[in-house]
Amino acid sequence: MFQGKIRADFIKTLTEAIYILVDESKFKLTSDGVYGRTVDPAHVGMIDFKLKKEAFDEYECKEEAEIGVDLEKLKSALKVATKDELVGLSYDKEEGRLAISIGNLTRKIALLDVAEMADTKIPSLELPAEIVLSTVEMHQAIKAAEAISDHITLIADKDGFEMRAEGDTDVVELKLSKEQLYSLKCDEKVKSTFPLDYLSDMVKVARGKSEELTINLGNNYPLKLSFEMAGGYIKIMYLLAPRIESE
Amino acid sequence: MFQGKIRADFIKTLTEAIYILVDESKFKLTSDGVYGRTVDPAHVGMIDFKLKKEAFDEYECKEEAEIGVDLEKLKSALKVATKDELVGLSYDKEEGRLAISIGNLTRKIALLDVAEMADTKIPSLELPAEIVLSTVEMHQAIKAAEAISDHITLIADKDGFEMRAEGDTDVVELKLSKEQLYSLKCDEKVKSTFPLDYLSDMVKVARGKSEELTINLGNNYPLKLSFEMAGGYIKIMYLLAPRIESE
Amino acid sequence: MFQGKIRADFIKTLTEAIYILVDESKFKLTSDGVYGRTVDPAHVGMIDFKLKKEAFDEYECKEEAEIGVDLEKLKSALKVATKDELVGLSYDKEEGRLAISIGNLTRKIALLDVAEMADTKIPSLELPAEIVLSTVEMHQAIKAAEAISDHITLIADKDGFEMRAEGDTDVVELKLSKEQLYSLKCDEKVKSTFPLDYLSDMVKVARGKSEELTINLGNNYPLKLSFEMAGGYIKIMYLLAPRIESE
């Protein structure tokens, strides 16, 4: 038996965060929180999420369970809630459905068979650079880049961070010195290029939810992009495969 | 000769209220207000409206008249008015058009032949239950139900009111105890099912205009849904035919 | 070398003002401001614009230059800026591109060959009437008129100003007495008719940017429509050819 109450804003953001990659996802219900991890069908993006029980206003999980959630249905059920409203979530093994309550309204959605949903492992990655920057600034750069290209190059060295996209005739650049970043750890220059569509979706999820984004970067290597909500009790982490450029 | 001034908000809501059922409607101009009644072409929904002269800032009607109004044109004429603006309405038999004034701007619209518009009678209905509930809550339940079904069942008994929709695998329920309603009069259990598209349109008209909705309900019988504006000087009442379920 | 900083709001409005007529435009960069003039391909509408250097927060132009700007690209580059943000513009002959900076983000856009862009001359026109009216009121009248016609007649005499459109059965009229106008100079009655699509686009650009519009009117003659921003340091003037009505 699982039962919790959480701000609509938090559960809506989580749902959207997963939905940009996949239509359905496994949620692991445990005594100290809700966890999950999914990779998109093209194996380009991965999400790993953690909702600690402290992110909930009420939380109770007597027996661990894995449930398969149709994200389209969850999104639709949450649509009627305003962002400050509390959303009740409850799951009972017997009933076999997830009940989503908003005020006096309850929607019960059928669950999917988790046996058919593969487990996802996080690859172990050595990413030498860590950049913490403003979500708004990164979002602005991505919107500008999308007008001229479908990919973007991220570059970091000990002095700063740069995002750069090139079109046929035009260029978009965001240049942030160490002082203009929240923080920067980078000993040697690193540079990788990523597909803008995935990166744009990921950053849009964080926009308005978290002031800062943490980026971990390597050389022609995947990107780790992460942000927190609910005072750190919600952690969302994306991995994004690089676009390998032939020279 | 008819001449009146009314808040744009009121006349816009009335126009929309009728327009969800029909494209054109008869308006009866009398010395104590404007009245009308229309049924939709499929004979599923009916509207009966009353705008008492007190709902107007200025009101003068020297001679009773019936005018046939093209609601598309009226909506379009009202579009340029902000909701607090006063809208002048005037009709002169000689001129044969309805003049709609907003500030220094006047639009004169041609009227339709009322001879070709049938009279509508309100059927006499015995509806044993009366429920007064929050417009916002009913609207939320309808939006949620629309995601899974095209009809919804309304149930009342002496203890409370319930709305319930069932899809192939999912369920949406709004349960309101007597204490969670504005008021409840119901001696024996009643239950009827209605098409969601009509009901949704009707509730949307009331949303943001009236905090509460009054529902009169019977057993597999039409629904009466009504709300007021302008401190009760505007009354809008809908009748909606039930969807008879075969068992 | 040209370099300036200007409020996003101002440069966005200017770009939109030109873009309603053409996709690309010449900008003349001089020591006391930026100027331009363009006619639309159908030769129905013309724009003449002046951005005095005082409209900029910073301004420096060491060498006069003419640049050909793709307005679609300029609009796209400005999209990420909020209206109060400062936009940096810089042009260097060597580089051959226009750099548009918003915060730490820079987009460089390729320029067009000005040799292929014709010079536009303002025709000399004697327009006996000058009317200064509320932008909001003119916009409202145009929106109302668009619902029933594709052209509108402007009439002025010594007592007031009128806009009038006629559809098959309906009429839209805006009547403003001398007292309801900001100012009126008109000795003899003048009357001209204009295409609503052009006029609507022109007035929409001014809406929300300038409280008042100045109209210069003649008899079956072009219309001059102008407005200012930035305390008069930005001047936008349109000319619009009349629609000659056969009698």
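Residues numbered from 1 in each chain as written. Chains lettered and ligands numbered in written order. Predicted model: local features only at pLDDT ≥ 70, side-chain atom pairs only at ≥ 80, totals over all residues.

A. Examining the overall build of chain A more closely. From N to C terminus, chain A includes 4 helices and 18 strands. Against the 2.2 N^0.38 benchmark of 18 Å for 247 residues, chain A shows a C-alpha radius of gyration of 19 Å, consistent with a compact globule. Taken over the C-alpha atoms alone, chain A extends approximately 60 × 35 × 30 Å along its principal axes. Residues classed as buried in chain A amount to 37% of the 247 residues present. (Helix = DSSP H or I, 4+ residues; strand = E, 2+ residues; numbered from the N terminus. Rg over C-alpha atoms; globule rule 2.2 N^0.38 Å. Buried ≥ 20, exposed ≤ 12 C-beta atoms within 10 Å, placed from the backbone.)

B. Region of the structure containing the interface of chain C and chain B. Of the residues lining the interface, 15 residues belong to chain C; the matching set on chain B comes to 12 residues. Where the side of chain C that touches chain B is concerned, the elements lending two or more residues are α3 (135–146) and β13 (171–177) of chain C. Per-element accounting of the side of chain C that touches chain B gives the leading share, 6 residues, to β13(C). Considering only residue class, the side of chain C that touches chain B consists of 7 nonpolar, 3 polar and 5 charged. Across 4 bridges, the pairing between strand β9 (residues 105–110) of chain B and β13(C) is antiparallel. (Contact = placed C-beta atoms within 7 Å. Nonpolar A, V, L, I, M, F, W, Y, C, P; charged D, E, K, R; others polar. Pairing = 2+ DSSP bridges.)

C. Fine view of the relation of the copies chain B and chain A. Between the two copies, chain B and chain A, the superposition gives an RMSD of 0.0 Å; the rotation angle is 120° and the shift along the axis is 0.0 Å. Here the symmetry operator amounts to a three-fold rotation axis. Ranked by how close their C-alpha atoms come to the rotation axis, the residues of chain B are headed by B:Thr82, at 15 Å. (Least-squares fit on C-alpha atoms with pLDDT ≥ 70 in both.)

D. Representation of the sheet that holds strand β7 (residues 86–91) of chain C within the structure. Within the open sheet, the 9 strands sit side by side as β15(A)-β11(A)-β12(A)-β13(A)-β9(C)-β8(C)-β7(C)-β1(C)-β5(C). Their pairing is antiparallel. The open sheet has two edge strands with one neighbour each: β15 (190–195) of chain A together with β5 (58–61) of chain C. Taken over all neighbouring pairs, the strand axes of this sheet differ in orientation by 20° on average, direction set aside. Pairing of strand β11 (residues 151–157) of chain A with β15(A), which is carried by 6 bridges, proceeds in the antiparallel orientation. Within the sheet, the bridge partner assigned to A:Thr153 lies in β15(A) and is A:Thr193. Those strands touched by helix α3 (residues 135–146) of chain A are β11, β12 (160–166) and β13 (171–177) of chain A together with β9 (105–110) of chain C, and its axis lies near 165° from that of β13(A). (Axes fitted to C-alpha atoms, helices over the stretch in contact; angles between N-to-C directions.)

E. Broad picture of the nonpolar core. Counting 214 residues, the largest nonpolar core has A:Ala141, B:Ala141 and C:Ala141 as its most contacted members. Residues contacting B:Ala141, with those up to four places away along its chain left out, are A:Leu105, B:Met163, B:Val172 and B:Leu174. (Core = buried A, V, L, I, M, F, W, Y, C linked by C-beta atoms within 7 Å.)

F. Molecular detail of the pairing of β9(C). All names here are of chain C. With 5 of 6 residues buried, β9 is to be regarded as a mostly interior element. With 6 bridges joining them, strand β8 (residues 97–102) and β9 adopt antiparallel strand pairing. Each bridged residue has a counterpart across the sheet, and for Ser-101 the counterpart in β9 is Thr-106. Taken together, β8 and the strand that follows it, β9, pair antiparallel across an intervening segment of 2 residues, in which Gly-103 is found at a positive phi of about 60°.

G. Molecular detail of the interface of chain B and chain A. Between chain B and chain A, the residue contacts involve 15 residues of the former and 12 residues of the latter. When residues in the side of chain B that touches chain A are grouped by element, the largest group, 6 residues, is from strand β13 (residues 171–177) of chain B. Of the residues belonging to the side of chain B that touches chain A, the class tally is 7 nonpolar, 3 polar and 5 charged.

H. View of the domain arrangement of chain A. All names here are of chain A. Along its sequence, chain A is carved into domain 1 (2–114) and domain 2 (129–240). Measuring from the centre of the C-alpha atoms in domain 1 to the corresponding centre in domain 2 gives 28 Å. Counting residues at the interface gives 17 residues for domain 1 and 16 residues for domain 2. If you list the elements that add at least two residues to the side of domain 1 that touches domain 2, you get α1 (8–19) and β4 (45–52). When grouped by side-chain class, the residues that make up the side of domain 1 that touches domain 2 number 10 nonpolar, 2 polar and 5 charged. (Domains from an automatic or database assignment.)

I. Up close: the packing of α1(A) against helix α2 (residues 71–78) of chain A. Residues and elements named next belong to chain A. Where α1 meets α2, the axes come as close as 10 Å, and the angle between the chain directions of the two elements is 150°. With respect to each other, α1 and α2 are oriented roughly antiparallel. Crossing handedness for the pair α1 and α2: left-handed. Where α1 abuts α2, its residues Ala-8, Ile-11, Lys-12, Thr-15, Ile-18 and Tyr-19 lie against Leu-71, Leu-74, Lys-75 and Leu-78. Of the residues contributing to the contact of α1 with α2, the split by class is 7 nonpolar, 1 polar and 2 charged. (Parallel < 35°, antiparallel > 145°, perpendicular 65-115°, else oblique. Left-handed = near helix turned anticlockwise from the far one by under 90°.)

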